[in-house]
Amino acid sequence: MRFDVLTIFPEIFDVVLGSSIIGRAQQSGLITVNAINIRDFSKDKHKKTDDYPFGGGTGMVMMPQPIFDAYKSITENLDYKPYFIYMSPQGTKLDQKHVERLSKLEHIIILCGHYEGVDERVIENLVDEEISIGDYVLTGGELPAMVLIDAVSRAIPGVLSNEDSYSDETFKDGLLEYPQYTRPADYMGLKVPDVLLSGHHANINRWRRQQSLKRTRQKRPDLFEKLELSEEDMKLLEEE
Ligand code: 4HQ
């Protein structure tokens with residue numbers, strides 16, 4: 001999977017996406033993250049990329065020309081059209097289903113806006129989809145782009161090790177993760193549930209499923225409502 005990010009702050013992607021699991025995925029060639037400086041495509045003598053809004057009002061708007069030219073520099077030698085995403089609070093809110101759908105693509109371009117956003121002609125003519133990471137306002141699209149790249153990358157086969165494996169975790173079945181414990185079994189009198197120390201794997205799996213169901217109902221009733229529960233799940237929820 002290849003990500004090209006159009007941004008006026010390309011350097012901030014290096015550390016975040018160069019470290020840990022995403023860094024390893026880049027080194028192994030499973031993903032490539034290429035941050036492209038929109039400023040490099042400015043034709044202005046001061047390398048300006050924004051201008052005043054027509055019609056007046058506060059703030060600045062990102063100009064179309066540097067963005068169109070940066071886009072052209074990516075696509076001119078390709079025989080296909082990469083999927084173009086604009087990070088924006090006006091977009092569809094990102095969830096794990098959406099992440100999985102995006103993880104099947106081969107090449108994604110992500111545009112990060114600043115100020116009051118980008119000239120509408122960019123959105124109308126280049127953008128395939130606007131995506132939001134949540135209903136709050138940030139100062140730029142860089143953090144949202146990194147969130148998207150991180151979430152999509154870890155859904156690509158091979159990016160997570162078998163140990164951190166992608167299945168069996170939060171949202172996989174629309175359920176929250178069960179509680180986790182590590183050594184010691186007794187920390188200053190705070191005990192790990194007995195079943196986890198029993199070595200009885202059927203019982204452990206049953207307990208974990210039950211915990212996932214109960215905590216989803218308790219903490220995320222919105223997710224719980226959408227579940228299709230089996231007979232066995234219903235029984236687990238009734239216990240205790
Ligand atoms: N911004 N989810 C404004 C966001 C945002 C979000 C990015 C701030 C775009 C122009 N992006 N710029 N929330 O708040 O994606």
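What this report covers is the structure whose coordinates are included nearby. Note that this is a predicted model, so its numbers are computed, not measured.

**A word on the site of the ligand**
Thought 1: Residues in close proximity to the ligand total 17 residues, the closest being Ser88, Ile133, Gly134, Tyr136 and Leu138.
Thought 2: One of the backbone N or O atoms of Ile133 is found 3.0 Å from a nitrogen atom in the ligand.
Thought 3: Leu138 is positioned with one of its backbone polar atoms (N or O) 2.9 Å from an oxygen atom of the ligand.
Thought 4: Protein burial of the ligand: of its 360 Å² of free accessible surface, 95% is covered by the chains.
Thought 5: Counting only elements with at least two residues in the shell around the ligand, the list comes to β5 (83-93) and β7 (129-132).
Thought 6: Tallying contributions element by element places β5 first for the shell around the ligand, with four residues.
Thought 7: When the residues that make up the shell around the ligand are grouped by side-chain class, the tally is 10 nonpolar, seven polar and no charged.

**As for the packing of aromatic side chains**
Thought 1: Counted under the stated rule, the structure contains one aromatic pair.
Thought 2: Centre to centre, the rings of Tyr71 and Phe84 are 5.5 Å apart; their planes meet at 50 degrees, and the pair counts as tilted. Of this pair, Tyr71 sits in helix α3 (residues 64-75) while Phe84 sits in strand β5, and the two are 13 residues apart along the sequence.
Thought 3: The buried category is assigned to Tyr71, whose relative accessible area is 12%.
Thought 4: Of the residues examined, Phe84 reaches a relative accessible area of 0% and is grouped as buried.

**What about the sheet that holds strand β1 (residues 2-7)?**
Thought 1: Spatial ordering of the open sheet is given by β2-β1-β6-β5-β7, a layout of five strands whose pairing is parallel. Two strands lie at the open edges of the sheet, namely β2 (32-37) and β7, each paired on one side alone. Pairs of neighbouring strands in the sheet enclose a mean axial angle of 35 degrees, with direction left out of account.
Thought 2: Pairing of β5 with strand β6 (residues 107-111) involves four bridges; the strand directions are parallel. In the strand pairing of β6, Phe84 is matched with Ile109.

**Examining helix α6 (residues 142-154)**
Thought 1: Between the first and last C-alpha of α6 there are 18 Å, a value that for 13 residues agrees with the 18 Å anticipated at 1.5 Å per step.
Thought 2: Those residues of α6 not exposed but buried are Glu142, Pro144, Ala145, Met146, Leu148, Ile149, Ala151, Val152 and Ser153.

**Looking at the environment of Val159**
Thought 1: Note that Val159 resides in the loop between α6 and β8 (186-187).
Thought 2: In this structure, the C-alpha to C-alpha distance between Val159 and Tyr86, residues 73 residues apart in sequence, is 24 Å.
Thought 3: Excluding anything up to four places from it in sequence, Val159 contacts Ile21, Arg24, Ala25, Leu30, Ser153 and Arg154.

**Things to note about the nonpolar core**
Thought 1: Formed by 29 residues in total, the largest nonpolar core has its most connected members in Phe3, Ile31, Leu102, Ile110 and Leu148.
Thought 2: Among the elements that take part in this core, α6 stands out by supplying six residues, more than any other.
Thought 3: Grouped together as the second largest cluster of nonpolar side chains are 18 residues, Leu6, Tyr71, Ile74 and Val122 included.

So, how was this worked out
- Just so you know, the residues in each chain are numbered from 1, in the order the chain's sequence is written.
- Totals for whole chains, interfaces and linings use every residue, but because this is a predicted model, local features are given only for residues with pLDDT of at least 70 and side-chain atom pairs only at 80 or more, for both listing and counting.
- Hydrogens and water are ignored here; the side-chain numbers use all heavy atoms of the structure.
- Proximity is defined per residue: any heavy atom of the residue falling within 4 Å of a molecule or strand makes that residue near it.
- As used in this structure description, the phrase polar contact means that two N or O atoms lie within 3.5 Å; if the pair is within protein, one of them must be able to donate a hydrogen and the other to accept it, and residues adjacent in sequence are counted only when both atoms belong to side chains.
- Under the convention used here, a 1.4 Å probe and the Shrake-Rupley method define accessible areas, while residue burial counts only the protein chains that appear.
- In this text, helices come from DSSP runs of H or I with a minimum length of four residues, and strands from runs of E with a minimum of two, each type numbered from the N-terminal end.
- Polar here means any residue other than Ala, Val, Leu, Ile, Met, Phe, Trp, Tyr, Cys and Pro, which are nonpolar, and Asp, Glu, Lys and Arg, which are charged; Gly is therefore polar.
- In this analysis, rings of Phe, Tyr and Trp, with Trp reduced to its six-membered ring, are considered paired at centre separations within 6.5 Å, and the interplanar angle assigns stacked below 30 degrees, edge-to-face beyond 60, and tilted for intermediate values.
- We call a residue buried when its accessible area falls under 20% of the maximum for its residue type, exposed when it is over 50%, and partly exposed in between, using a 1.4 Å probe and counting protein chains only.
- A pair of strands is treated as paired once DSSP finds two or more bridges between them.
- Fitted lines through C-alpha atoms serve as axes, helices being fitted only where they are in contact, and the angles separating the N-to-C directions of these axes extend from 0 to 180 degrees.
- To estimate the expected span of a helix, subtract one from its residue number and multiply by 1.5 Å.
- Whether two residues are in contact is decided by their heavy atoms: any pair within 4.5 Å suffices.
- Only buried residues count toward a nonpolar core, which is a set of Ala, Val, Leu, Ile, Met, Phe, Trp, Tyr and Cys residues joined through side-chain atoms within 4.5 Å.

Remember, this is a structural readout, not a statement about activity or role.
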